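In case you want the letters, here they are:
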Amino acid sequence: MNGPERRRSECAGTVAARGQAGKRGEDGTAAVLDAVHLERQTLADPALKREVLGLFVAALEDLVRDAGAPGASPSERDRHLHAILGLARNVGAFRLAAAAADAMGARRGASAGLP
């Protein structure tokens, strides 16, 4: 396993370990992932869960990088934020999905001249 593959695997394992529905972190915030949702999406198959989370991490890294690229147009950023929103919802990362939705709304408000 090369460096990026190992990192994706480690990230997927960490995300899976933290994501338990209804659980709260030490800071009182909601869990990173909804484990029940992820179990349903992966048919409770541990190998499929690892694969899905690995793909999630890889895609998320690319989308975040591209959305923050200095030359990205507003429409490109919105497209990347929308992709992050869907990607996060698919695996049960609902806090991330909400943050992407908020960022999309803030961008739209700013382009419309709203405070």
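Along each chain, the written sequence defines residue order, and numbers are assigned to residues from 1. Given that this is a predicted model, residues contribute local features only at a pLDDT of at least 70 and side-chain atom pairs are listed and counted only at 80 or more, while totals for whole chains, interfaces and linings are drawn from all residues. The side-chain quantities take in all heavy atoms of the structure and omit both hydrogens and water.

Visitor: Can you explain the overall build of the chain? Please cite residues and give values.
Guide: Here a strand is any run of E in DSSP of at least two residues, a helix any run of H or I of at least four, and the numbering for each starts at the N terminus. Summing up its helical and strand segments, the chain has five helices and zero strands in all. For the chain, the N- to C-terminal ordering of α and β elements is α-α-α-α-α. A 1.4 Å probe rolled over the protein chains alone gives each residue an accessible area, and that area as a share of the maximum for its type sets the label: buried under 20%, exposed over 50%, partly exposed in between. Looking at the chain as a whole, 28% of its 115 residues are labelled buried. The Shrake-Rupley method, run with a 1.4 Å probe, gives the accessible areas here. Residue values count only the displayed protein chains as cover. Looking at the chain as shown, the accessible area adds up to about 7200 Å², and 57% of this sits on carbon and sulfur atoms.

Visitor: Describe the pattern of salt bridges, with residues and values.
Guide: Between Lys or Arg on one side and Asp or Glu on the other, a salt bridge is scored when a side-chain nitrogen of the former is within 4 Å of a carboxyl oxygen of the latter. Tallied over the full model, the rule gives three salt bridges. Residue E39 is joined to K49 by a salt bridge in which the shortest nitrogen-to-oxygen separation is 2.4 Å. With E39 in helix α2 (residues 35–41) and K49 in helix α3 (residues 46–67), this pair connects stretches of sequence that are ten residues apart. A residue is classified by how much of its surface remains accessible, and E39, at 28% relative accessible area, is partly exposed. What emerges from the salt-bridge pattern is a single network uniting D62, R65 and D66.

Visitor: Before we move on, can you summarise the environment of R89 with the specific residues and values?
Guide: Here R89 shows up in helix α4 (residues 74–91). Between the C-alpha atoms of R89 and L38, which are 51 residues apart in sequence, the distance is 9.7 Å. Residues count as neighbours in contact if any of their non-hydrogen atoms are within 4.5 Å of one another. Among residues more than four places away in sequence, those in contact with R89 are H37, F94 and A97.

Visitor: Account for the packing of α3 against α4, naming residues and giving values.
Guide: Here, axes are lines fitted to C-alpha atoms. For helices the fit covers the stretch in contact, and angles between N-to-C directions go from 0 to 180 degrees. Relative orientation of the contacting elements α3 and α4 amounts to 160°, with a least axis distance of 9 Å. Between α3 and α4, the crossing angle belongs to the class labelled roughly antiparallel. Where α3 crosses over α4, the two elements pack in a sense that is left-handed. Of the residues in α4, those touching α3 at V52, L53, F56, A59, L60, L63, V64, D66 and A67 are R77, H80, A83, I84, L87, A88 and V91. Among the residues forming the contact of α3 with α4, the class breakdown is 13 nonpolar, one polar and two charged. Throughout, the term roughly parallel applies to angles under 35 degrees, roughly antiparallel to angles over 145, roughly perpendicular to angles from 65 to 115, and oblique to all others. Crossings are assigned a handedness: left-handed for a near helix turned anticlockwise from the far helix by less than a right angle, right-handed for a clockwise turn. When residues are sorted by character, Ala, Val, Leu, Ile, Met, Phe, Trp, Tyr, Cys and Pro go into the nonpolar class, Asp, Glu, Lys and Arg into the charged class, and all the rest, Gly among them, into the polar class.

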